[in-house]
Number of protein chains: 2
Amino acid sequence: MGNKTWTKTADSRSAQREIKRRAVLMAGARLFNDQGYEQTSLEDIAAALNITKRTIYYYVQSKEDILFGCHQLSLEFLGEVMEISRDDSLPVAERISRLIRGYCEWVSTDLGASLAMVRAHSLSPERREALHEGKARVDFQLRMLIEKGIREGVIRHCDPRLVAAGVFGALNWIPFWNRTDRPVPHEEIAEQYLAMILNGLLPGAGGSKR
Amino acid sequence: MGNKTWTKTADSRSAQREIKRRAVLMAGARLFNDQGYEQTSLEDIAAALNITKRTIYYYVQSKEDILFGCHQLSLEFLGEVMEISRDDSLPVAERISRLIRGYCEWVSTDLGASLAMVRAHSLSPERREALHEGKARVDFQLRMLIEKGIREGVIRHCDPRLVAAGVFGALNWIPFWNRTDRPVPHEEIAEQYLAMILNGLLPGAGGSKR
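Residues numbered from 1 in each chain as written. Chains lettered and ligands numbered in written order. Predicted model: local features only at pLDDT ≥ 70, side-chain atom pairs only at ≥ 80, totals over all residues. Heavy atoms only, no water.

Caption draft 1: View of the packing of helix H4 (residues 63–83) of chain B against helix H6 (residues 110–117) of chain B. Residue and element names in this part refer to chain B. Where H4 meets H6, the axes come as close as 8 Å, and the angle between the chain directions of the two elements is 115°. In terms of axis orientation, H4 runs roughly perpendicular to H6. Like other packed secondary-structure pairs, H4 and H6 cross with a definite hand, here left-handed. Note on element contacts: H6 touches H4 through Leu111, Gly112, Ser114 and Leu115, opposite Cys70, His71, Leu73, Ser74, Leu75 and Phe77. Across the contact of H4 with H6, the residue classes tally to 6 nonpolar, 4 polar and no charged. (Axes fitted to C-alpha atoms, helices over the stretch in contact; angles between N-to-C directions. Helix = DSSP H or I, 4+ residues; strand = E, 2+ residues; numbered from the N terminus. Parallel < 35°, antiparallel > 145°, perpendicular 65-115°, else oblique. Left-handed = near helix turned anticlockwise from the far one by under 90°. Contact = heavy atoms within 4.5 Å. Nonpolar A, V, L, I, M, F, W, Y, C, P; charged D, E, K, R; others polar.)

Structure follows, in C-alpha coordinates:
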(Lines give C-alpha, C1' and ligand atoms only; values in the text may rest on other atoms or scores of the structure.)
Protein backbone atom coordinates (compact mmCIF):
# COMPACT_ATOMS: atom_id res chain seq x y z
CA MET A 1 0.00 0.00 0.00
CA GLY A 2 2.99 2.24 0.56
CA ASN A 3 3.88 1.62 -3.09
CA LYS A 4 4.32 5.03 -4.69
CA THR A 5 3.28 4.05 -8.19
CA TRP A 6 0.06 2.58 -6.94
CA THR A 7 -0.72 5.69 -4.94
CA LYS A 8 -0.01 7.88 -7.92
CA THR A 9 -2.28 5.82 -10.12
CA ALA A 10 -4.97 5.89 -7.50
CA ASP A 11 -4.62 9.68 -7.18
CA SER A 12 -4.89 10.22 -10.87
CA ARG A 13 -7.81 7.82 -11.00
CA SER A 14 -9.60 9.76 -8.32
CA ALA A 15 -8.77 13.03 -10.08
CA GLN A 16 -10.20 11.57 -13.28
CA ARG A 17 -13.28 10.50 -11.42
CA GLU A 18 -13.73 13.98 -9.95
CA ILE A 19 -13.43 15.59 -13.39
CA LYS A 20 -16.10 13.27 -14.73
CA ARG A 21 -18.30 13.79 -11.69
CA ARG A 22 -18.12 17.53 -12.32
CA ALA A 23 -19.13 17.00 -15.93
CA VAL A 24 -22.21 15.16 -14.64
CA LEU A 25 -22.99 18.02 -12.25
CA MET A 26 -22.60 20.67 -14.96
CA ALA A 27 -24.80 18.77 -17.41
CA GLY A 28 -27.36 18.37 -14.62
CA ALA A 29 -27.24 22.08 -13.75
CA ARG A 30 -27.79 23.08 -17.36
CA LEU A 31 -30.80 20.79 -17.80
CA PHE A 32 -32.32 21.69 -14.43
CA ASN A 33 -32.07 25.39 -15.34
CA ASP A 34 -33.48 24.97 -18.83
CA GLN A 35 -36.31 22.52 -18.30
CA GLY A 36 -36.80 22.32 -14.54
CA TYR A 37 -35.48 19.88 -11.94
CA GLU A 38 -38.66 17.81 -11.81
CA GLN A 39 -38.86 17.61 -15.58
CA THR A 40 -35.30 16.29 -15.88
CA SER A 41 -34.49 12.58 -15.55
CA LEU A 42 -31.16 10.84 -14.99
CA GLU A 43 -31.63 9.49 -18.53
CA ASP A 44 -31.73 13.06 -19.88
CA ILE A 45 -28.47 13.89 -18.12
CA ALA A 46 -26.81 10.69 -19.35
CA ALA A 47 -28.00 11.41 -22.90
CA ALA A 48 -26.59 14.94 -22.76
CA LEU A 49 -23.20 13.43 -21.89
CA ASN A 50 -23.45 10.54 -24.33
CA ILE A 51 -23.10 8.01 -21.55
CA THR A 52 -25.43 5.39 -20.12
CA LYS A 53 -27.55 5.82 -17.01
CA ARG A 54 -25.54 2.98 -15.50
CA THR A 55 -22.32 4.94 -15.93
CA ILE A 56 -23.83 7.94 -14.14
CA TYR A 57 -24.36 5.81 -11.04
CA TYR A 58 -20.60 5.46 -10.80
CA TYR A 59 -20.40 9.19 -9.98
CA VAL A 60 -23.63 9.95 -8.18
CA GLN A 61 -26.29 8.00 -6.38
CA SER A 62 -29.40 9.87 -7.46
CA LYS A 63 -30.79 12.97 -9.14
CA GLU A 64 -31.00 14.65 -5.74
CA ASP A 65 -27.29 13.91 -5.38
CA ILE A 66 -26.61 15.79 -8.62
CA LEU A 67 -28.63 18.79 -7.47
CA PHE A 68 -26.88 18.89 -4.12
CA GLY A 69 -23.51 18.41 -5.82
CA CYS A 70 -24.27 21.29 -8.22
CA HIS A 71 -25.15 23.56 -5.37
CA GLN A 72 -22.10 22.60 -3.33
CA LEU A 73 -19.75 23.17 -6.26
CA SER A 74 -21.54 26.40 -7.08
CA LEU A 75 -20.99 27.63 -3.53
CA GLU A 76 -17.32 26.70 -3.81
CA PHE A 77 -16.99 29.03 -6.81
CA LEU A 78 -19.02 31.68 -4.99
CA GLY A 79 -16.46 31.49 -2.21
CA GLU A 80 -13.80 32.52 -4.73
CA VAL A 81 -15.94 35.50 -5.75
CA MET A 82 -16.15 36.54 -2.13
CA GLU A 83 -12.39 36.36 -1.83
CA ILE A 84 -11.86 39.14 -4.36
CA SER A 85 -13.95 41.51 -2.25
CA ARG A 86 -12.11 40.75 1.00
CA ASP A 87 -9.12 43.07 0.49
CA ASP A 88 -9.43 45.42 3.44
CA SER A 89 -7.09 48.02 1.94
CA LEU A 90 -9.60 48.89 -0.81
CA PRO A 91 -12.37 51.49 -0.46
CA VAL A 92 -15.75 50.00 0.46
CA ALA A 93 -17.40 51.06 -2.82
CA GLU A 94 -14.67 49.25 -4.77
CA ARG A 95 -15.13 46.11 -2.67
CA ILE A 96 -18.90 46.23 -3.25
CA SER A 97 -18.29 46.69 -7.00
CA ARG A 98 -15.97 43.68 -7.07
CA LEU A 99 -18.49 41.55 -5.21
CA ILE A 100 -21.31 42.56 -7.57
CA ARG A 101 -19.25 42.09 -10.72
CA GLY A 102 -18.03 38.71 -9.52
CA TYR A 103 -21.51 37.58 -8.50
CA CYS A 104 -22.88 38.72 -11.83
CA GLU A 105 -20.33 36.58 -13.66
CA TRP A 106 -20.91 33.62 -11.34
CA VAL A 107 -24.72 33.68 -11.63
CA SER A 108 -24.32 33.72 -15.41
CA THR A 109 -22.72 30.26 -15.36
CA ASP A 110 -24.82 27.10 -15.34
CA LEU A 111 -23.72 26.23 -11.83
CA GLY A 112 -24.33 29.73 -10.46
CA ALA A 113 -27.71 29.93 -12.14
CA SER A 114 -28.75 26.58 -10.70
CA LEU A 115 -28.40 27.95 -7.19
CA ALA A 116 -30.59 30.92 -8.08
CA MET A 117 -33.13 29.10 -10.25
CA VAL A 118 -33.65 25.64 -8.82
CA ARG A 119 -35.50 25.66 -5.53
CA ALA A 120 -34.30 23.28 -2.87
CA HIS A 121 -37.72 21.72 -2.14
CA SER A 122 -36.47 18.38 -3.39
CA LEU A 123 -33.48 18.21 -1.05
CA SER A 124 -33.49 16.69 2.40
CA PRO A 125 -33.78 19.20 5.29
CA GLU A 126 -30.13 18.62 6.30
CA ARG A 127 -28.87 19.33 2.80
CA ARG A 128 -31.11 22.36 2.49
CA GLU A 129 -29.72 23.69 5.75
CA ALA A 130 -26.14 23.18 4.56
CA LEU A 131 -26.83 25.15 1.39
CA HIS A 132 -28.70 27.85 3.24
CA GLU A 133 -25.63 28.58 5.33
CA GLY A 134 -23.47 28.86 2.23
CA LYS A 135 -25.86 31.31 0.60
CA ALA A 136 -26.17 33.32 3.79
CA ARG A 137 -22.42 33.92 3.77
CA VAL A 138 -22.39 36.08 0.65
CA ASP A 139 -25.42 38.01 1.86
CA PHE A 140 -23.62 38.65 5.13
CA GLN A 141 -20.53 39.85 3.25
CA LEU A 142 -22.46 42.51 1.36
CA ARG A 143 -24.33 43.65 4.48
CA MET A 144 -21.06 43.91 6.34
CA LEU A 145 -19.57 46.08 3.56
CA ILE A 146 -22.64 48.34 3.53
CA GLU A 147 -22.52 48.71 7.32
CA LYS A 148 -18.82 49.51 7.16
CA GLY A 149 -19.52 52.12 4.48
CA ILE A 150 -22.24 53.72 6.60
CA ARG A 151 -19.88 53.91 9.59
CA GLU A 152 -17.20 55.48 7.40
CA GLY A 153 -19.72 57.96 5.97
CA VAL A 154 -19.14 56.80 2.39
CA ILE A 155 -22.50 55.08 2.08
CA ARG A 156 -25.74 56.83 2.99
CA HIS A 157 -27.95 55.59 5.80
CA CYS A 158 -30.13 52.67 4.78
CA ASP A 159 -31.24 49.26 5.98
CA PRO A 160 -28.29 47.05 4.92
CA ARG A 161 -30.40 43.90 5.17
CA LEU A 162 -33.06 45.15 2.77
CA VAL A 163 -30.58 46.77 0.42
CA ALA A 164 -28.56 43.55 0.22
CA ALA A 165 -31.77 41.61 -0.45
CA GLY A 166 -32.58 44.02 -3.29
CA VAL A 167 -29.13 43.75 -4.82
CA PHE A 168 -29.05 39.95 -4.71
CA GLY A 169 -32.61 39.86 -6.04
CA ALA A 170 -31.57 41.87 -9.08
CA LEU A 171 -28.55 39.59 -9.58
CA ASN A 172 -30.28 36.27 -8.92
CA TRP A 173 -32.95 37.17 -11.44
CA ILE A 174 -30.45 37.45 -14.30
CA PRO A 175 -30.59 33.79 -15.35
CA PHE A 176 -34.40 33.97 -15.44
CA TRP A 177 -34.30 36.39 -18.38
CA ASN A 178 -30.78 36.15 -19.82
CA ARG A 179 -30.54 32.47 -20.72
CA THR A 180 -31.21 33.05 -24.41
CA ASP A 181 -29.36 32.31 -27.64
CA ARG A 182 -27.81 35.76 -27.47
CA PRO A 183 -27.37 36.60 -23.81
CA VAL A 184 -26.34 40.10 -22.71
CA PRO A 185 -22.67 39.88 -21.59
CA HIS A 186 -22.45 39.78 -17.80
CA GLU A 187 -19.98 42.69 -17.82
CA GLU A 188 -22.59 44.92 -19.42
CA ILE A 189 -25.25 43.91 -16.91
CA ALA A 190 -22.86 44.49 -14.02
CA GLU A 191 -22.04 48.01 -15.24
CA GLN A 192 -25.71 48.99 -15.57
CA TYR A 193 -26.65 47.48 -12.22
CA LEU A 194 -23.66 49.04 -10.49
CA ALA A 195 -24.49 52.48 -11.88
CA MET A 196 -28.02 52.11 -10.50
CA ILE A 197 -27.04 50.57 -7.20
CA LEU A 198 -23.95 52.61 -6.35
CA ASN A 199 -25.22 56.00 -7.28
CA GLY A 200 -28.10 55.23 -5.02
CA LEU A 201 -25.91 53.98 -2.22
CA LEU A 202 -23.45 56.84 -2.11
CA PRO A 203 -24.15 59.81 0.13
CA GLY A 204 -25.08 63.12 -1.40
CA ALA A 205 -26.64 61.16 -4.24
CA GLY A 206 -29.97 61.80 -5.86
CA GLY A 207 -31.41 64.91 -7.41
CA SER A 208 -34.66 64.31 -5.61
CA LYS A 209 -34.55 64.26 -1.83
CA ARG A 210 -37.49 62.18 -0.78
CA MET B 1 -85.59 31.29 -19.58
CA GLY B 2 -86.59 34.97 -19.56
CA ASN B 3 -87.74 34.45 -16.00
CA LYS B 4 -86.00 37.11 -13.91
CA THR B 5 -85.85 35.16 -10.67
CA TRP B 6 -84.24 32.22 -12.40
CA THR B 7 -81.66 34.45 -14.09
CA LYS B 8 -80.85 36.10 -10.80
CA THR B 9 -80.40 32.76 -9.13
CA ALA B 10 -78.18 31.59 -11.96
CA ASP B 11 -76.11 34.78 -11.78
CA SER B 12 -75.66 34.49 -8.10
CA ARG B 13 -74.85 30.83 -8.50
CA SER B 14 -72.15 31.62 -11.02
CA ALA B 15 -70.83 34.42 -8.80
CA GLN B 16 -70.72 31.95 -5.92
CA ARG B 17 -68.88 29.49 -8.09
CA GLU B 18 -66.34 32.13 -9.09
CA ILE B 19 -65.73 33.07 -5.46
CA LYS B 20 -65.10 29.44 -4.62
CA ARG B 21 -62.93 28.93 -7.68
CA ARG B 22 -60.81 31.84 -6.53
CA ALA B 23 -60.50 30.29 -3.09
CA VAL B 24 -59.14 27.16 -4.79
CA LEU B 25 -56.64 29.24 -6.79
CA MET B 26 -55.48 31.14 -3.72
CA ALA B 27 -55.01 27.95 -1.68
CA GLY B 28 -53.11 26.49 -4.63
CA ALA B 29 -50.88 29.55 -4.96
CA ARG B 30 -50.00 29.47 -1.29
CA LEU B 31 -49.08 25.79 -1.32
CA PHE B 32 -47.15 26.04 -4.61
CA ASN B 33 -45.13 28.92 -3.17
CA ASP B 34 -44.47 27.22 0.14
CA GLN B 35 -43.71 23.66 -0.86
CA GLY B 36 -43.28 23.77 -4.65
CA TYR B 37 -45.68 23.04 -7.49
CA GLU B 38 -44.44 19.51 -8.07
CA GLN B 39 -44.59 18.69 -4.39
CA THR B 40 -48.22 19.81 -4.08
CA SER B 41 -51.13 17.48 -4.90
CA LEU B 42 -54.78 18.26 -5.52
CA GLU B 43 -55.43 16.43 -2.26
CA ASP B 44 -53.20 18.92 -0.41
CA ILE B 45 -55.16 21.83 -1.85
CA ALA B 46 -58.50 20.19 -1.02
CA ALA B 47 -57.30 19.50 2.53
CA ALA B 48 -56.22 23.14 2.98
CA LEU B 49 -59.77 24.19 2.09
CA ASN B 50 -61.45 21.43 4.07
CA ILE B 51 -63.16 20.07 0.99
CA THR B 52 -62.89 16.79 -0.92
CA LYS B 53 -60.84 16.29 -4.05
CA ARG B 54 -64.12 15.53 -5.85
CA THR B 55 -65.43 18.98 -4.97
CA ILE B 56 -62.30 20.64 -6.38
CA TYR B 57 -63.06 19.11 -9.78
CA TYR B 58 -66.23 21.18 -9.86
CA TYR B 59 -64.04 24.30 -10.13
CA VAL B 60 -60.94 23.18 -11.97
CA GLN B 61 -59.97 20.26 -14.18
CA SER B 62 -56.42 19.66 -13.03
CA LYS B 63 -53.51 20.97 -11.00
CA GLU B 64 -52.14 22.64 -14.13
CA ASP B 65 -55.52 24.40 -14.39
CA ILE B 66 -55.02 25.80 -10.90
CA LEU B 67 -51.53 27.05 -11.71
CA PHE B 68 -52.68 28.70 -14.92
CA GLY B 69 -55.72 30.15 -13.13
CA CYS B 70 -53.47 31.57 -10.39
CA HIS B 71 -51.22 33.20 -12.93
CA GLN B 72 -54.14 34.63 -14.92
CA LEU B 73 -55.78 36.10 -11.83
CA SER B 74 -52.41 37.37 -10.66
CA LEU B 75 -51.90 39.19 -13.97
CA GLU B 76 -55.38 40.69 -13.62
CA PHE B 77 -54.35 42.24 -10.31
CA LEU B 78 -51.05 43.32 -11.82
CA GLY B 79 -53.03 45.16 -14.47
CA GLU B 80 -54.61 47.22 -11.69
CA VAL B 81 -51.15 48.06 -10.36
CA MET B 82 -50.16 49.27 -13.80
CA GLU B 83 -53.23 51.50 -13.94
CA ILE B 84 -52.04 53.60 -11.01
CA SER B 85 -48.83 54.45 -12.84
CA ARG B 86 -50.59 55.49 -16.07
CA ASP B 87 -51.52 59.05 -15.06
CA ASP B 88 -49.70 61.11 -17.66
CA SER B 89 -50.01 64.35 -15.67
CA LEU B 90 -47.63 63.06 -12.98
CA PRO B 91 -43.83 63.42 -13.10
CA VAL B 92 -42.05 60.33 -14.39
CA ALA B 93 -40.26 59.66 -11.09
CA GLU B 94 -43.61 59.65 -9.29
CA ARG B 95 -45.07 57.24 -11.82
CA ILE B 96 -42.08 54.93 -11.43
CA SER B 97 -42.47 55.12 -7.65
CA ARG B 98 -46.14 54.19 -7.90
CA LEU B 99 -45.37 51.27 -10.16
CA ILE B 100 -42.66 49.98 -7.85
CA ARG B 101 -44.74 50.42 -4.68
CA GLY B 102 -47.71 48.72 -6.28
CA TYR B 103 -45.61 45.86 -7.64
CA CYS B 104 -44.00 45.42 -4.24
CA GLU B 105 -47.42 45.06 -2.62
CA TRP B 106 -48.67 42.75 -5.37
CA VAL B 107 -45.64 40.41 -5.27
CA SER B 108 -46.12 40.15 -1.50
CA THR B 109 -49.50 38.45 -1.97
CA ASP B 110 -49.79 34.69 -2.56
CA LEU B 111 -51.00 35.22 -6.11
CA GLY B 112 -48.34 37.76 -6.99
CA ALA B 113 -45.63 35.59 -5.46
CA SER B 114 -46.80 32.56 -7.41
CA LEU B 115 -46.05 34.35 -10.68
CA ALA B 116 -42.55 35.17 -9.47
CA MET B 117 -41.79 31.89 -7.72
CA VAL B 118 -43.43 29.08 -9.65
CA ARG B 119 -41.82 28.43 -12.99
CA ALA B 120 -44.11 27.69 -15.89
CA HIS B 121 -42.34 24.50 -17.01
CA SER B 122 -45.44 22.50 -16.20
CA LEU B 123 -47.78 24.54 -18.38
CA SER B 124 -48.55 23.85 -22.03
CA PRO B 125 -46.64 26.03 -24.54
CA GLU B 126 -49.82 28.00 -25.42
CA ARG B 127 -50.53 28.80 -21.80
CA ARG B 128 -46.91 29.73 -21.19
CA GLU B 129 -47.04 32.10 -24.14
CA ALA B 130 -50.23 33.74 -22.85
CA LEU B 131 -48.61 34.37 -19.47
CA HIS B 132 -45.40 35.58 -21.02
CA GLU B 133 -47.25 38.37 -22.81
CA GLY B 134 -48.94 39.44 -19.61
CA LYS B 135 -45.63 39.62 -17.77
CA ALA B 136 -43.98 41.47 -20.65
CA ARG B 137 -46.56 44.25 -20.35
CA VAL B 138 -45.40 45.48 -16.95
CA ASP B 139 -41.77 45.28 -18.01
CA PHE B 140 -42.62 47.37 -21.06
CA GLN B 141 -44.41 49.92 -18.88
CA LEU B 142 -41.34 50.51 -16.73
CA ARG B 143 -39.02 50.71 -19.73
CA MET B 144 -41.34 53.20 -21.36
CA LEU B 145 -41.31 55.38 -18.23
CA ILE B 146 -37.51 55.25 -18.02
CA GLU B 147 -37.19 56.18 -21.71
CA LYS B 148 -39.60 59.06 -21.25
CA GLY B 149 -37.60 60.24 -18.25
CA ILE B 150 -34.36 60.12 -20.24
CA ARG B 151 -35.94 62.16 -23.05
CA GLU B 152 -37.18 64.71 -20.50
CA GLY B 153 -33.76 64.87 -18.85
CA VAL B 154 -35.09 63.79 -15.44
CA ILE B 155 -33.53 60.34 -15.60
CA ARG B 156 -29.89 59.83 -16.40
CA HIS B 157 -28.77 57.93 -19.47
CA CYS B 158 -28.87 54.19 -19.00
CA ASP B 159 -30.03 51.03 -20.74
CA PRO B 160 -33.77 50.97 -19.89
CA ARG B 161 -34.05 47.27 -20.67
CA LEU B 162 -31.28 46.26 -18.28
CA VAL B 163 -32.36 48.70 -15.58
CA ALA B 164 -35.97 47.42 -15.76
CA ALA B 165 -34.66 43.84 -15.54
CA GLY B 166 -32.68 44.80 -12.42
CA VAL B 167 -35.64 46.50 -10.78
CA PHE B 168 -38.03 43.61 -11.43
CA GLY B 169 -35.37 41.17 -10.32
CA ALA B 170 -35.09 42.91 -6.96
CA LEU B 171 -38.89 42.92 -6.65
CA ASN B 172 -39.53 39.38 -7.87
CA TRP B 173 -37.00 38.09 -5.38
CA ILE B 174 -38.94 39.43 -2.39
CA PRO B 175 -41.15 36.35 -1.89
CA PHE B 176 -38.04 34.14 -1.97
CA TRP B 177 -36.78 35.64 1.30
CA ASN B 178 -39.75 37.42 2.88
CA ARG B 179 -42.24 34.58 3.24
CA THR B 180 -41.53 34.07 6.92
CA ASP B 181 -43.60 34.17 10.10
CA ARG B 182 -42.69 37.82 10.51
CA PRO B 183 -42.36 39.30 7.03
CA VAL B 184 -40.95 42.79 6.52
CA PRO B 185 -43.92 45.04 5.57
CA HIS B 186 -43.98 45.65 1.82
CA GLU B 187 -44.14 49.43 2.38
CA GLU B 188 -40.78 49.29 4.17
CA ILE B 189 -39.19 47.24 1.40
CA ALA B 190 -40.57 49.58 -1.25
CA GLU B 191 -39.12 52.65 0.51
CA GLN B 192 -35.65 51.10 0.79
CA TYR B 193 -35.66 49.83 -2.80
CA LEU B 194 -36.98 53.15 -4.12
CA ALA B 195 -34.29 55.08 -2.29
CA MET B 196 -31.66 52.84 -3.89
CA ILE B 197 -33.22 52.73 -7.35
CA LEU B 198 -34.36 56.35 -7.73
CA ASN B 199 -31.33 58.04 -6.34
CA GLY B 200 -29.42 55.96 -8.82
CA LEU B 201 -31.70 56.76 -11.68
CA LEU B 202 -31.89 60.51 -11.26
CA PRO B 203 -29.36 62.68 -13.09
CA GLY B 204 -26.67 64.44 -11.13
CA ALA B 205 -26.77 61.52 -8.72
CA GLY B 206 -23.81 59.75 -7.23
CA GLY B 207 -20.83 61.00 -5.33
CA SER B 208 -18.62 58.75 -7.43
CA LYS B 209 -18.51 59.35 -11.13
CA ARG B 210 -17.48 56.09 -12.64
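Next comes the rest of the write-up.
Caption draft 2: Structural detail: the environment of Leu49 of chain B. Residue and element names in this part refer to chain B. Summarising the element assignment, Leu49 is placed in helix H2 (residues 42–49). Sequence spacing of Leu49 and Ala23 is 26 residues, and the spatial spacing of their C-alpha atoms is 8.0 Å. Not counting chain neighbours up to four residues away, the residues in contact with Leu49 comprise Ala23, Val24 and Ala27.

Caption draft 3: Structural view of the relation of the copies chain A and chain B. Once chain A is rotated about the relating axis by 180° and shifted along it by 0.0 Å, it coincides with chain B to within an RMSD of 0.0 Å. This pairing of chains is accounted for by a two-fold axis. A high fraction, 100%, of the interface residues of chain A reappear at the interface in chain B, so the copies pair face to face through one surface. (Least-squares fit on C-alpha atoms with pLDDT ≥ 70 in both.)

Caption draft 4: Summary view of the UniProt feature "DNA-binding region" (unreviewed entry) in chain A. Mapped onto the present numbering, the UniProt feature "DNA-binding region" (unreviewed entry) falls on residues 41–60 of chain A. Taken end to end, residues 41–60 of chain A has its terminal C-alpha atoms 13 Å apart, with 60% of it in helix and 0% in strand. (UniProt positions renumbered as here; feature names shortened; annotations may be inferred.)

Caption draft 5: Molecular detail of the packing of helix H8 (residues 160–172) of chain A against helix H8 (residues 160–172) of chain B. Look at H8 of chain A against H8 of chain B: their axes get within 7 Å of each other, and the N-to-C directions meet at 120°. Crossing angle aside, the handedness with which H8 of chain A passes H8 of chain B is right-handed. Where H8 of chain A approaches H8 of chain B, its residues Gly166, Gly169 and Ala170 of chain A are matched on the opposing element by Gly166, Gly169 and Ala170 of chain B. A breakdown of the residues in the contact of H8 of chain A with H8 of chain B according to their chemical character gives 2 nonpolar, 4 polar and no charged.

Caption draft 6: Inspection of the interface of chain A and chain B at higher detail. Chain A puts 48 residues into the contact, and the matching count from chain B is 48 residues. The contact between chain A and chain B buries some 3,900 Å² in all, and 60% of this surface belongs to carbon and sulfur atoms. Taken together, the links from chain A to chain B amount to 0 salt bridges. Ranked by the residues each element gives to the side of chain A that touches chain B, the list is headed by helix H10 (residues 186–201) of chain A, at 12 residues. Its residues assigned to classes, the side of chain A that touches chain B comprises 23 nonpolar, 15 polar and 10 charged. (Buried area = accessible area lost by both parts, 1.4 Å probe. Salt bridge = Lys/Arg side-chain N within 4 Å of Asp/Glu carboxyl O.)

Caption draft 7: A look at the pattern of salt bridges. Under the defined criterion, the tally for this structure stands at 30 salt bridges over all chains. The residue Arg86 of chain A makes a salt bridge to Glu83 of chain A at a minimum N-O spacing of 2.5 Å. One salt bridge in this structure joins Glu76 of chain B and Arg22 of chain B, with 3.6 Å as the shortest N-O distance. Remark: Arg22 of chain B occurs in helix H1 (residues 4–35) and Glu76 of chain B occurs in helix H4; sequence separation between them is 54 residues. Relative accessible area serves as the criterion here: at 26%, Arg22 of chain B is assigned to the partly exposed category. When salt bridges that share partners are traced, they join Glu18, Arg21, Arg22 and Glu76 of chain A into one network. (Buried < 20%, exposed > 50% of the residue type's maximum accessible area, 1.4 Å probe, protein only.)

Caption draft 8: Broad picture of the UniProt feature "domain: HTH tetR-type" (unreviewed entry) in chain A. UniProt's entry tags residues 18–78 of chain A with the feature "domain: HTH tetR-type" (unreviewed entry), counted in the numbering of this structure. Regarding residues 18–78 of chain A, the helix share stands at 75% and the strand share at 0%, and the terminal C-alpha atoms are separated by 19 Å.

Caption draft 9: Structural view of empty space enclosed by the protein. Taken as a whole and judged by the stated rule, the model has 1 cavity of 30 Å³ or more. If you add up the space inside the largest cavity, you get close to 340 Å³. Lining the largest cavity are 23 residues, with Glu38 and Arg119 of chain A together with Glu38, Arg119 and His121 of chain B positioned closest to its centre. Tallied by class, the residues present in the lining of the largest cavity amount to 11 nonpolar, 8 polar and 4 charged. (1 Å grid on protein atoms, 1.4 Å probe; cavity = no way out; pocket = protein on both sides within 12 Å on 5 of 7 lines; lining within 4 Å. Points joined across faces, edges and corners; volume = space filled by probe spheres on them.)

Caption draft 10: Region of the structure containing the packing of aromatic side chains. With the rule as written, the count across this model stands at 12 aromatic pairs over all chains. Ring centres of Trp173 of chain A and Trp173 of chain B lie 6.4 Å apart, and the angle between their planes is 75°; this geometry places the pair in the edge-to-face category. Taken together, the positions of Trp173 of chain A in the loop between H8 and helix H9 (174–178) and Trp173 of chain B in the loop between H8 and helix H9 (174–178) put the pair across two chains. The exposure classification of Trp173 of chain A matches that of Trp173 of chain B, with both residues buried. (Phe/Tyr/Trp six-rings, centres within 6.5 Å; stacked < 30°, edge-to-face > 60°.)

Caption draft 11: Examining the environment of Gln72 of chain A more closely. In this structure, Gln72 of chain A sits in helix H4 (residues 63–83). Placed 39 residues apart in sequence, Gln72 of chain A and Leu111 of chain A show a C-alpha to C-alpha distance of 9.4 Å.

Caption draft 12: Looking closely at unusual backbone geometry. Residue and element names in this part refer to chain A. For Asn50, which is not glycine, the phi torsion reads 60° and is therefore positive. Mapped onto the fold, Asn50 is located in the loop between helix H2 (42–49) and helix H3 (53–56). Using a relative accessible area of 74% as the deciding quantity, one classes Asn50 as exposed.

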